[in-house]
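Report on the structure
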Amino acid sequence: MKIGITGYPTYGGSGVVATELGMELAARGHEVHFISYAMPMRLNPTHDRIYFHEVEVTSYPLFDHPPYTLALAVKMFEVAEAASLDLLHVHYAIPHSVSALLARSMAAPHRLPFITTLHGTDITLVGSDRSYLPITRFSIEQSDGVTAISNYLRDQTIKEFDIKRPIEVIRNFVNCDLYCRPVDQRRRSEWAPHGEPLLMHLSNFRPVKRITDVVEIFALVRQKMPAKLVLIGDGPDRGAAEHLVRRKKLAADVFFLGKQDRIHDLLGLADLFLLPSDLESFGLAALEAMACEVPVVATNVGGLPEVVTNGVDGYLVAPRDVAAAAKFAIQILSRADRGKEMGKQARIDARKKFCSNDVIPLYEAYYQKVLAASSAASA
Ligand code: GMT
């Protein structure tokens, strides 16, 4: 198949899923065209079947806000024509779904079906904001196919937007060959030179991720045992987290790595992964840690219970309950094996449901179903 993929190229789960999906599809023989305003992070165009098309948004003195949605629609249409795309697959409804809808109309009478994958804040925050709700609902209803990354998100979409059409759940995935515990653990000593327990967090540091709670949890752990914390990513709450680290006199124990490309080389160095978000529709970072044999302490919200099994491969606590999160972190890190057994179980659970080898064929089958329905409709 020839597939056009659009997502946010910046640091964030939906962009990561869009990029990894494109690379997996290319590895399976499909031709993949990424269409976006910048080269997606994590895109490693190792296949000659991967193309990147940059959307340039022309500015004009009249435009306070250059119309990216329109420029994207035009680029989608042009790429679809030039490369004879079979379909468009957009990640994150706003504004990608609306651009795809325009591109499909422009392409008529040629068929250009589009699939929208919902990721989370496009529904739970941005999409349900009154100013965006009607157009988000419209573009979901108009899509030729809609998928959600968890049961939670599907149910939430149907409820919030009163959606009548079917939404297919295709869960997020991880490449289980790439994401595994590295045999060579020497890099740990950069942060934990005396073999201290190592806690890790990875996100885009947005308020919903509760980065300051990560620091608070770590501070409680640190009162009980020597330990180190590695924070990967960047975003609006980094300053607040750095300030809290200094206030708690933890600067020698906490490392801010900023944005990193090769996450799979880092996650497997940790003993424990923290994800105390206020909300996660899925929690991709938790899954990536689990695949690397790292147990997770996360919050019991959204789609996280579909990823982490409480008491088996990690623990789930109420949002903002830093004391409970710290209690479980200390419990795991005080064990003789420092959570290694739980980590092994985490990988087993990740492999059971979320390996790309199993999930990518579900997307391929869904593409075929949407293509068949679209050609039947036009016949
Ligand atoms: O909030 C984020 O992390 C960004 C957001 C995105 O769309 O980039 O993430 C959402 O999509 C991820 C990939 O499907 C999910 O793993 C995250 O749980 C989800 N974030 C939220 O629901 C807050």
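Residues numbered from 1 in each chain as written. Predicted model: local features only at pLDDT ≥ 70, side-chain atom pairs only at ≥ 80, totals over all residues. Heavy atoms only, no water.

What about the domain arrangement of the protein?
Rules: By convention here, the domain bounds are inherited from an automatic or database domain assignment. Pairs of residues are marked as contacts when any of their non-hydrogen atoms sit within 4.5 Å. In short, buried area is how much 1.4 Å probe accessible area vanishes from two parts on joining, totalled over both.
Each assigned domain of the protein is listed here: domain 1 (2–173 + 355–378) and domain 2 (186–353). Between the C-alpha centres of domain 1 and domain 2 the distance comes to 30 Å. With 21 residues of domain 1 at the contact, the number on the domain 2 side is 22 residues. Between domain 1 and domain 2 lies a buried interface of about 1,700 Å² when both sides are counted; carbon and sulfur atoms form 57% of it. When the area that domain 1 buries against domain 2 is broken down by residue, the three leading residues are Tyr11, Arg42 and Tyr152, summing to 41%.

Considering the site of the ligand
Spelled out, the test is: When we say a residue is near a molecule or strand, we mean one of its heavy atoms is within 4 Å of it. Any pair of N or O atoms that falls within 3.5 Å is considered a polar contact. Within protein, one atom must be able to donate a hydrogen and the other to accept it, and sequence-neighbouring residues count only if both atoms are side-chain atoms. Exposure was quantified through the Shrake-Rupley algorithm and a 1.4 Å probe, taking into account, for residues, occlusion by the shown protein chains and nothing else. Secondary structure follows DSSP: runs of H or I at least 4 residues long count as helices, runs of E at least 2 residues long count as strands, and numbering of each begins at the N terminus.
Near the ligand you find 19 residues, and of these Ser14, His119, Asn172, Glu280 and Ser281 are the closest. Contacts to the ligand include Asn204, whose side-chain N or O atom sits 3.3 Å from an oxygen atom. One nitrogen or oxygen atom from the main chain of Gly283 is found 3.0 Å from an oxygen atom belonging to the ligand. Protein contacts shield 96% of the accessible area of the ligand, which totals 480 Å² for the unbound molecule. It is helix α1 (residues 13–27) that contributes the most residues to the shell around the ligand, three residues altogether.

Details of helix α8 (residues 238–247)
Inclusion rule: Each residue is assigned to one of three classes by its accessible area relative to the maximum for its type, calculated with a 1.4 Å probe on protein chains only: buried under 20%, partly exposed between the two thresholds, exposed over 50%. Summarising the geometry, the arc corresponds to the directions from the helix axis toward the C-beta atoms.
For α8, every residue scored as buried is listed here: Arg238, Ala241, Leu244 and Val245. In a view along the axis of α8, the buried residues occupy a sector of 125°, so they form one face of it. Residues of α8 that are exposed and point over 90 degrees away from its buried face: Arg246 and Arg247. Lining the buried residues of α8 we find α7 (211–224) and β10 (254–258). Immediately beyond the C-terminal end of α8, within one or two residues, lies Lys249, with a positive phi of roughly 55°.

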